[in-house]
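Spelled out, the chains give:
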Amino acid sequence: MTKCCVVVNGNGELPTHRMLREPYQFVTSKANRIDLQDLRGEEVIMETEGKPQEAEPLCEGAEKGDTETTSHTDAGNASTQESSISNGDDADDDDQREMVDVKIIWNKKKYDLKIPLDDTGAKLKESIHSLTGLPPAMQKVMYKGLVPEDKTLREIKVTNGAKIMVVGSTMNDVLAVNTPKEVIQQEVKAEENKKEPLCRQKQHRKVLDKGKPEDIMPSVKGTKERLPTVPLSGMFNKSGGKVRLTFKLEQDQLWLGTKERTEKVPMGSIKNVLSEPIEGHEDYHMMAFQLGPTEASQYWVYWVPVQFVDAIKDTVLGKWQYF
């Protein structure tokens, strides 16, 4: 709203549009009516609706401000859109990586894993760690042999549905073993040096005197072989009964099977393996699995073919054989 204060001329007439060129003054007002009662020579208060002259520049400024705001908004939208497009490209890169679905088998459990085909064996161990909690340093990962840490899954020809075997013990399992294997091995070796040959001791002679079993597996003297894919059978235990050895690598177990039952022994619990050639039959050994800290906890097996002795020790004590 504006207030106009108009000074009338000497005739008492209101100024016309042309007469406004004369020096008349305008002021603002809050009313909206005109009072012309006998005000010659006086100020005539003429109130009407209008806008201050400053309004137009303000409008121009507002329009300019709106334009600048719109410009900034458009720029922001463009930036956001570009960022979205960039993020979309990264997602597309991940989608374009060739993946492979495999089954991880550890400790009698199966885990499904989807992993990039170009990941290395070291990356595979990290993924297994996240699934099982088994630290990479304690994993033995097998797929057609030991999986190299520096080769990719593509290079070792891993395919969809492949079964990857993992052997190893968690830190809790390791800490649960009170007596270190190394200490027990040293103690047993020291005792062996003090005693007479095992095959001459009375407890063993009663089994060896029965002679070589007829169905024993043939021996090959002077050679070392990997473990066969079938159980080692035809041997005697300390009671003179037949026993067979089955190595379950995927379960990290040694199965000691007799006619009556099968004892499933975790390989991590076997603290030592000792052996000695049988006198007169040096192509066969007598072998003991140390299941505890004393001699009473030794499980004896007689007439083990000599070519498998080292492979049995390496497999049970941690130096895995792959075939």
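Everything below is about the structure printed above this text.
Cut-offs applied
- Residues numbered from 1 in each chain as written.
- Predicted model: local features only at pLDDT ≥ 70, side-chain atom pairs only at ≥ 80, totals over all residues.
- Heavy atoms only, no water.
- Helix = DSSP H or I, 4+ residues; strand = E, 2+ residues; numbered from the N terminus.
- Buried < 20%, exposed > 50% of the residue type's maximum accessible area, 1.4 Å probe, protein only.
- Contact = heavy atoms within 4.5 Å.
- Areas by Shrake-Rupley, 256 points an atom, 1.4 Å probe, with all protein chains shown as cover.
- Phe/Tyr/Trp six-rings, centres within 6.5 Å; stacked < 30°, edge-to-face > 60°.
- Pairing = 2+ DSSP bridges.
- Axes fitted to C-alpha atoms, helices over the stretch in contact; angles between N-to-C directions.
- Core = buried A, V, L, I, M, F, W, Y, C linked by side-chain atoms within 4.5 Å.
- Salt bridge = Lys/Arg side-chain N within 4 Å of Asp/Glu carboxyl O.

**Student:** Describe in detail the overall build of the protein chain, supporting the description with residues and values.
**Tutor:** From N to C terminus, the protein chain includes six helices and 14 strands. Within the span of the protein chain, comprising 323 residues, buried residues form 36% of the whole. Considering only contacts in the protein chain between residues 6 or more positions apart, those separated by 24 or more positions represent 54%. Total accessible area on the protein chain stands at roughly 20,500 Å², and carbon and sulfur atoms take up 49% of it.

**Student:** Would you mind going over the packing of aromatic side chains in detail, with residue names and values included?
**Tutor:** Applying the stated criterion across every chain, the model contains two aromatic pairs. Considering the side-chain rings of Tyr-284 and Trp-303, the 5.8 Å spacing of their centres and the 65 degrees angle between planes classify their relative orientation as edge-to-face. Within this pair, whereas Tyr-284 is found in strand E13 (residues 281–290), its partner Trp-303 is found in strand E14 (residues 298–305), the two being separated by 19 residues in sequence. Overall, the relative accessible area of 1% leaves Trp-303 in the buried class.

**Student:** Any details on the sheet that holds strand E7 (residues 162–167)? Residues and values, ideally.
**Tutor:** Strand order in the open sheet made by the four strands is E5-E4-E7-E6, with mixed pairing throughout. Because the sheet does not close on itself, it has two edges, and the strands there are strand E5 (109–116) and strand E6 (140–142). Going from strand to strand, the sheet's axes swing by 30 degrees on average, the running direction of each strand aside. By the bridge criterion, three bridges tie E6 to E7 in an arrangement that is antiparallel. Opposite Lys-140, over in E7, you have Val-167 as the bridge partner. Contacts from helix H2 (residues 121–132) reach strand E4 (99–106), E5, E6 and E7 within the one sheet, and its direction differs from that of E5 by about 140 degrees.

**Student:** I'd like a description of the sheet that holds strand E10 (residues 253–257), backed by residues and values.
**Tutor:** The pairing of strands in a sheet happens through backbone hydrogen bonds and is either parallel or antiparallel. Judged by pairing direction, the sheet is antiparallel, and its seven strands sit side by side in the order E11-E10-E9-E8-E14-E13-E12 without closing on themselves. The open sheet is flanked by strand E11 (262–266) and strand E12 (272–278), the only strands paired with a single partner. Direction aside, the axes of adjacent strands within the sheet are offset by 30 degrees on average. Inspection of the sheet shows strand E8 (residues 232–237) paired to E14 by two bridges, in the antiparallel sense. Within the sheet, the bridge partner assigned to Phe-236 lies in E14 and is Tyr-302. The strands touched by helix H6 (residues 309–317) are E8, strand E9 (242–248), E12, E13 and E14; relative to E12, the strand with the most contacts, the crossing angle is about 170 degrees.

**Student:** Break down the nonpolar core for me, with residues and values.
**Tutor:** If you look at the biggest cluster of nonpolar residues, it comprises 40 residues, and the most contacted ones within it are Leu-245, Phe-247, Phe-289 and Ile-312. Among the elements of the structure, helix H5 (202–208), E8, E9, E10, E12, E13, E14 and H6 are those that each provide at least two residues to this core. Looking at this core element by element, the count peaks at six residues for E14. Not counting residues up to four positions away in its chain, the partners in contact with Phe-289 are Leu-245, Leu-254, Ile-270, Asn-272, Val-273, Ser-297, Gln-298, Tyr-299, Val-301, Ile-312 and Val-316. Formed by 20 residues, the second largest nonpolar core is a distinct cluster that contains Val-100, Ile-104, Trp-106 and Ile-128.

**Student:** Mind laying out the pattern of salt bridges, listing which residues take part and the relevant values?
**Tutor:** Tallying each qualifying case throughout the model produces nine salt bridges. When the shortest N-O distance is used, the salt bridge between Asp-119 and Arg-97 registers 3.3 Å. A residue pair is termed long-range when its members are at least 10 positions apart, and Asp-119 in the loop between E5 and H2 and Arg-97 in the loop between helix H1 (55–96) and E4 qualify at 22 residues. Judged by relative accessible area, which is 41%, Arg-97 ranks as partly exposed. Two residues, Asp-310 and Lys-224, come together in a salt bridge whose shortest N-O distance is 2.9 Å.

**Student:** Any chance you could break down the pairing of E11 for me, citing the residues and the numbers?
**Tutor:** When E10 meets E11, the two strands line up antiparallel, connected through five bridges. Its bridge partner lying in E11, Trp-255 is registered against Lys-264. The hairpin formed by E10 and E11 contains four residues between the paired strands.

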